[in-house]
Amino acid sequence: MTLDVGWALDWVHAAATSVAVHRDELIDLDRQIGDGDHGANLDRGFTAVLARLDGLEQRPAQVGDVLRLVATTLMSTVGGASGPLYGTAFLRAAKVSALPDLDASATVALLEAALDGIVARGNASPGEKTMVDAWAPAVDAAVAAADNGASPAGVLAAAAVAAEAGAHATIPLVATKGRASYLGPRSAGHLDPGARSSELILRAAAEAAAST
Ligand code: ADP
Ligand code: MG
């Protein structure tokens with residue numbers, strides 16, 4: 001079993017739906033430790049992604065083509081910290097996904113590239129209460145799953161479970177990067193909005209793969 005451009009399109013649609021469903025929750029989370037725009041920012045971005053996909057005259061050929069469109073659209077429409085972070089994540093992921101089909105190791109490479117992009121852009125380490133706290137354990141779990149012979153869908157399922165745990169584990173953390181760091185110790189006790197949205201996006205990837 002491999003992941004093709006159909007999966008990439010399903011992923012993007014599922015992510016857009018999930019972000020829309022959780023828009024108010026993400027706004028609320030960002031209101032607690034930031035400026036309250038995260039849900040609206042991301043929803044605007046993914047709505048623009050769907051519009052651009054709808055407007056394409058030709059179906060994209062490769063996974064990377066879809067991810068590049070996501071990257072450029074999020075970069076120009078999301079704003080805030082998360083626009084450039086997600087934009088860079090999808091751009092790096094696109095670069096390693098210029099393939100018609102992804103096997104398990106290519107799926108791991110996609111996730112690793114996305115995390116590398118987030119870290120290159122935002123310079124956060126795990127434990128700083130950012131989206132890295134969802135992506136880093138997701139990548140670790142993906143590597144372990146692939147080493148154990150998991151399919152691409154199995155790799156993504158493992159990544160999604162780990163992202164959920166990683167996002168939840170941001171609650172007690174004190175933020176030392178991004179807007180939430182302005183609150184210092186008062187940032188503890190709240191779920192990081194970017195970690196939560198990362199969990200949703202990775203869950204969407206796994207669900208799209210499970211239904212292919
Ligand atoms: P802003 O903080 O500019 O309003 P958003 O609300 O859209 O931007 O996104 C906030 C999220 O961005 C945070 O919850 C966090 O997960 C993520 N974030 C902020 N700074 C960084 C960073 N340096 N590295 C990784 N993620 C970050
Ligand atoms: Mg914000």
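Because the structure is predicted, anything quoted here is derived from the model rather than measured.

Draft legend 1. Representation of the layout of surface pockets within the structure. Of the voids in this model, the largest pocket is the one considered here, and its volume is about 530 Å³. Forming the walls of the largest pocket are 26 residues, and the residues nearest its centre are Ala81, Ser82, Leu85, Gly178 and Arg179. Contributions of two or more residues to the lining of the largest pocket are made by helix H2 (23–33), helix H3 (38–54), helix H5 (82–95), helix H6 (104–122) and helix H9 (193–210). Of the residues that constitute the lining of the largest pocket, the class distribution is 10 nonpolar, nine polar and seven charged.

Draft legend 2. Main features of the coordination of the magnesium ion (ligand 2). Around the magnesium ion (ligand 2), the protein contributes the donor atoms Asp30 (OD), Asp35 (OD) and Asp37 (OD), which lie 2.0 to 2.2 Å from the metal centre. Counting residues between consecutive donors of the magnesium ion (ligand 2) along the chain gives the motif D-x4-D-x1-D. A residue is classified by how much of its surface remains accessible, and aspartate 35, at 38% relative accessible area, is partly exposed.

Draft legend 3. Region of the structure containing the pattern of salt bridges. In this structure the tally under the stated criterion is eight salt bridges. Where arginine 196 meets glutamate 25, a salt bridge forms, and the shortest distance between an N and an O atom there is 2.6 Å. Note that arginine 196 is positioned in helix H9 and glutamate 25 in helix H2, a separation of 171 residues in sequence. By relative accessible area, which is 14% here, arginine 196 ends up buried. Note that glutamate 128 is salt-bridged to lysine 177, the shortest N-O span being 3.2 Å. Of this pair, glutamate 128 sits in the loop between H6 and helix H7 (132–147) while lysine 177 sits in the loop between helix H8 (152–168) and H9; the two residues are 49 residues apart in sequence, bridging distant segments of the chain. In this structure lysine 177 comes out as partly exposed when scored by relative accessible area, which is 27%. Among the charged side chains, a network of salt bridges with common partners joins Arg23, Asp24 and Asp43.

Draft legend 4. Local environment of the side chain of histidine 38. If you trace the backbone, histidine 38 turns up in helix H3. A polar atom in the side chain of histidine 38 sits 2.8 Å from the side chain of serine 197. With near-sequence residues (within four places) excluded, histidine 38 lies in contact with Leu26, Asp30, Ser82, Tyr86, Pro193, Gly194 and Ser197.

Draft legend 5. Representation of empty space enclosed by the protein within the structure. Following the criterion strictly, the structure yields one cavity of 30 Å³ or more and no others. Of the voids in this model, the largest cavity is the one considered here, and its volume is about 30 Å³. Trp11, Ala89, Phe90, Ala93, Leu110, Ala114 and Trp135 together form the lining of the largest cavity. For the lining of the largest cavity, the elements supplying multiple residues, two or more each, are H5 and H6. A per-element tally of the lining of the largest cavity places H5 first, with three residues. Partitioning the lining of the largest cavity into residue classes produces seven nonpolar, no polar and no charged.

Reading the values: the criteria
Residues numbered from 1 in each chain as written. Chains lettered and ligands numbered in written order. Predicted model: local features only at pLDDT ≥ 70, side-chain atom pairs only at ≥ 80, totals over all residues. Heavy atoms only, no water. 1 Å grid on protein atoms, 1.4 Å probe; cavity = no way out; pocket = protein on both sides within 12 Å on 5 of 7 lines; lining within 4 Å. Points joined across faces, edges and corners; volume = space filled by probe spheres on them. Helix = DSSP H or I, 4+ residues; strand = E, 2+ residues; numbered from the N terminus. Nonpolar A, V, L, I, M, F, W, Y, C, P; charged D, E, K, R; others polar. Donors = N, O, S within 2.8 Å, 3.2 Å for Na, K, Ca; no water. Buried < 20%, exposed > 50% of the residue type's maximum accessible area, 1.4 Å probe, protein only. Salt bridge = Lys/Arg side-chain N within 4 Å of Asp/Glu carboxyl O. Polar contact = N/O pair within 3.5 Å; in protein donor to acceptor, adjacent residues only side chain to side chain. Contact = heavy atoms within 4.5 Å.

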